[in-house]
Amino acid sequence: MEGQQPHGKSNLAIELAKQINGEIISADSMQIYKDMNIGTAKVTPKEMSGIKHYMIDFLSPEERYNVSEYKIAAEKCIEEILTKGKIPIIVGGTGLYIDALIYGIEFQEEKFDEKYREKLNNIAENEGLEKLYAEAVKIDPIAMEKISKNDKKRIIRVLEIYHKTGKTKTEQEKESRKNGVKYNYHVFAIDMERNILYDRINKRVDMMISEGLIEEVKNILEKYKKFPTAMQGLGYKEVIEYIDGKITKEEMIEKIKKETRHYAKRQLTWFRKNKETIWIDGQNLIQNNINIIKENCFG
């Protein structure tokens, strides 16, 4: 692999899987959706290089999907891979999905009050999301340390859990971790200098636009009737604002870049909270980082 360039996590994971007889499970809350390819940077069949990928491209954008469902499905994938005598490699930046697996969090199946959810959405629309954020901080300040002021979905989730159960999200998670974890996980995260990371993000957004992100969103809007979760994804909601005439194309592109930079910063903060995370340099060549991973996992 001499001469390989610095990489993203997908390239690294695929090369690692080739070398350690692994298969890949996605931990990306947006790559689960069909037809959402460009905006989620979904790995293509060609890029997979024959490595089987799980938990991508299986759900209609019309459907809701939660962390409880993900945990159950991902653990089935882990068992399937282990049964083949292969090594599961979990790849993705949705911290909640990863936490559910590495901490063994058990989620209660909750059917939430649709009227209450509608009420919260109306408050966000008419009085501002800041009001809901402030209320959520009062209820569960610990959980809100990891949640952005702009993350409507997760802010509402914190309020819904408390409304339904009388317990905070943090209390629920503490109780749910008592069963322990049955796998020996090693957690790796890619880091790099902030200016290099932000430059990559800006170039990636420009590439998504040139590859047809706007057309992808238009096709989804024509094909499906409703998008309870999917169209809240980063990049998609901004394109919808542009299509609706609320912002210009230039404003849309800049907004996607800005929100993606903020999201990347939140991801880094999330994984830094896990003291067991092993950090690898995104500027290294792929093989150098594979060697670091192998050394930590296999000695």
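These figures come from a predicted structure and were not determined experimentally.

## Structural notes on the overall build of the chain
Scanning the chain for helices and strands turns up 14 helices and five strands. Taking 19 Å as the expected radius of gyration for a compact globule of 299 residues, we find that the chain reaches 20 Å, a close match to that expectation. Dimensions along the principal axes, computed over C-alpha positions, put the chain at roughly 55 × 50 × 35 Å. By residue count, 46% of the 299 residues in the chain fall in the buried class. Taking the contacts inside the chain whose residues are at least 6 apart along the sequence as the reference set, 74% of them involve residues at least 24 apart. Surface accessibility of the chain: about 16400 Å² in total, with carbon and sulfur atoms responsible for 49%.

## Brief notes about the sheet that holds strand β3 (residues 87-91)
Ordered by their spatial adjacency, three strands build an open sheet running β2-β1-β3, and the pairing between neighbours is parallel. Looking at strand neighbours, the two that pair on one side only are β2 (53-54) and β3, the edges of this open sheet.

## Examining the environment of lysine 203
Within the secondary structure, lysine 203 is located in helix α10 (residues 194-211). For lysine 203 and glycine 233, which are 30 residues apart along the polypeptide, the C-alpha to C-alpha distance reads 19 Å.

## Overview of the pattern of salt bridges
Side-chain pairs of opposite charge can arise whenever the charged atoms involved come near each other. With the rule as written, the count across this model stands at 18 salt bridges. Of the charged contacts in the structure, one is a salt bridge between aspartate 35 and lysine 223, with a shortest N-O distance of 3.0 Å. Note that aspartate 35 is positioned in the loop between β1 (22-26) and α2 (45-48) and lysine 223 in helix α11 (residues 213-223), a separation of 188 residues in sequence. Residue aspartate 35 is classed as partly exposed on the basis of its relative accessible area, which comes to 26%. Here arginine 261 ties to glutamate 254 by a salt bridge, and the two come within 3.6 Å at their closest N and O atoms. A relative accessible area of 18% places arginine 261 in the buried class.

## A word on the nonpolar core
The biggest cluster of nonpolar side chains holds 51 residues, and the ones touching the most others in it are Ile25, Tyr33, Met36, Tyr65, Tyr70, Leu213 and Met252. Setting aside anything within four residues of it in sequence, one finds methionine 252 in contact with Ile209, Ile214, Glu238, Val239, Tyr242 and Ile247.

## Observations concerning the environment of arginine 266
Mapped onto the secondary structure, arginine 266 falls in helix α13 (residues 249-272). With 120 residues separating them along the chain, arginine 266 and lysine 146 place their C-alpha atoms 7.3 Å apart.

## Considerations on α11
Within α11 the residues assigned to the buried category are Leu213, Ile214, Glu216, Val217 and Ile220. Along the axis of α11, the buried positions cluster into a sector of 160°, meaning they face one direction only. For α11, exposure combined with an orientation more than 90 degrees from the buried face picks out Glu222 and Lys223. Of the surrounding elements, those touching the buried residues of α11 are α10, α12 (236-243) and α13.

## Regarding α13
Taking 1.5 Å per residue as the helical rise, α13 with its 24 residues ought to reach 34 Å, and the 35 Å between its terminal C-alpha atoms agrees with that figure. Met252, Ile253, Ile256, Lys257, Glu259, Thr260, Arg261, Ala264, Leu268, Trp270 and Phe271 are the residues of α13 that are buried. Turning to α13, the residues buried within the fold contact α4 (95-102), β4 (188-191), α10, α11, α12 and β5 (278-281).

## Concerning the confidence of the model for the chain
With 94% of its residues at a pLDDT of 70 or more, the chain shows a mean pLDDT of 89. Here residues 1-6 scores under 50 on pLDDT; set against residues more than four positions off or in separate chains, the count is 14 contacts.

## Some words on the side chain of glutamate 160
Tracing the sequence through the fold places glutamate 160 in helix α8 (residues 152-165). The class of glutamate 160 is buried, set by a relative accessible area of 2%. Within the structure, glutamate 160 has its side chain in polar contact with the side chain of arginine 117 (distance 2.6 Å).

## Thoughts on the packing of aromatic side chains
Evaluated as defined, the whole model comprises three aromatic pairs. With centroids separated by 5.6 Å and ring planes inclined at 75°, the aromatic side chains of phenylalanine 58 and tyrosine 65 adopt a geometry described as edge-to-face. Accessibility expressed as a relative area gives 34% for phenylalanine 58, which makes it partly exposed. With 4.0 Å between their ring centres and 10° between their planes, tyrosine 70 and tyrosine 97 make a pair best called stacked.

## Focus: the packing of α12 against α13
Between α12 and α13, whose axes approach to 9 Å, the crossing angle comes to 165°. Here α13 runs roughly antiparallel to α12, going by the angle between their axes. Seen from above, α12 lies across α13 with right-handed handedness. Contact residues: α12 offers Glu238, Val239, Glu241 and Tyr242, while α13 offers Lys249, Met252, Lys255, Ile256 and Glu259. Counted by class, the contact of α12 with α13 contains four nonpolar, no polar and five charged residues.

Procedures and definitions
- All residue numbers refer to position in the chain's written sequence, counted from 1.
- In keeping with the model being predicted, local features are shown solely for residues with a pLDDT of at least 70 and side-chain atom pairs are shown and tallied solely at 80 or more, while totals for entire chains, interfaces and linings include all residues.
- Side-chain measures were taken over the full set of non-hydrogen atoms in the model, leaving aside hydrogen atoms and water.
- Strands are runs of DSSP state E lasting at least 2 residues, helices are runs of H or I lasting at least 4, and numbering of each runs from the N terminus.
- Our radius of gyration looks at C-alpha atoms and nothing else; its globule reference is 2.2 Å times the residue count to the power 0.38.
- Burial classes: relative accessible area under 20% of the type maximum marks a residue as buried, over 50% as exposed, and values in between as partly exposed (1.4 Å probe, protein chains only).
- Whether two residues are in contact is decided by their heavy atoms: any pair within 4.5 Å suffices.
- Reported accessibility uses the Shrake-Rupley method at a 1.4 Å probe radius. Residues are deemed covered only where the shown protein chains occlude them.
- Paired strands, as defined in this entry, are two strands with at least two bridges between them according to DSSP.
- Criterion for a salt bridge: a side-chain nitrogen of Lys or Arg within 4 Å of a carboxyl oxygen of Asp or Glu.
- Working definition of a nonpolar core: buried Ala, Val, Leu, Ile, Met, Phe, Trp, Tyr and Cys residues. They are joined through side-chain atoms within 4.5 Å.
- This arc is built from the directions going out from the helix axis to the C-beta atoms.
- By definition here, a helix of n residues has an expected span of 1.5 Å times n minus one.
- For every residue, the predictor states its confidence as a pLDDT score lying anywhere from 0 to 100.
- Throughout this description, a polar contact denotes any pair of N or O atoms lying within 3.5 Å of each other; where both atoms belong to protein, one of them has to be capable of donating a hydrogen while the other can accept it, and for residues adjacent in sequence the pair is counted only when both atoms sit in side chains.
- Geometry of aromatic contacts follows a simple scheme: Phe, Tyr and Trp rings, the Trp one being its six-membered ring, pair when their centres are within 6.5 Å, and the pair is stacked under 30 degrees between planes, edge-to-face over 60, tilted otherwise.
- The convention used is that axes are lines fitted to C-alpha atoms, helices contributing only their stretch in contact, and that angles between N-to-C directions extend from 0 to 180 degrees.
- Roughly parallel refers to an angle under 35 degrees, roughly antiparallel to one over 145, roughly perpendicular to one between 65 and 115, and oblique to any angle outside these ranges.
- Left-handed is the label given to a crossing in which the near helix is rotated counterclockwise from the far helix by less than a right angle, and right-handed is the label when the rotation is clockwise.
- Note on residue categories: nonpolar means Ala, Val, Leu, Ile, Met, Phe, Trp, Tyr, Cys or Pro, charged means Asp, Glu, Lys or Arg, and polar means any other residue, Gly included.

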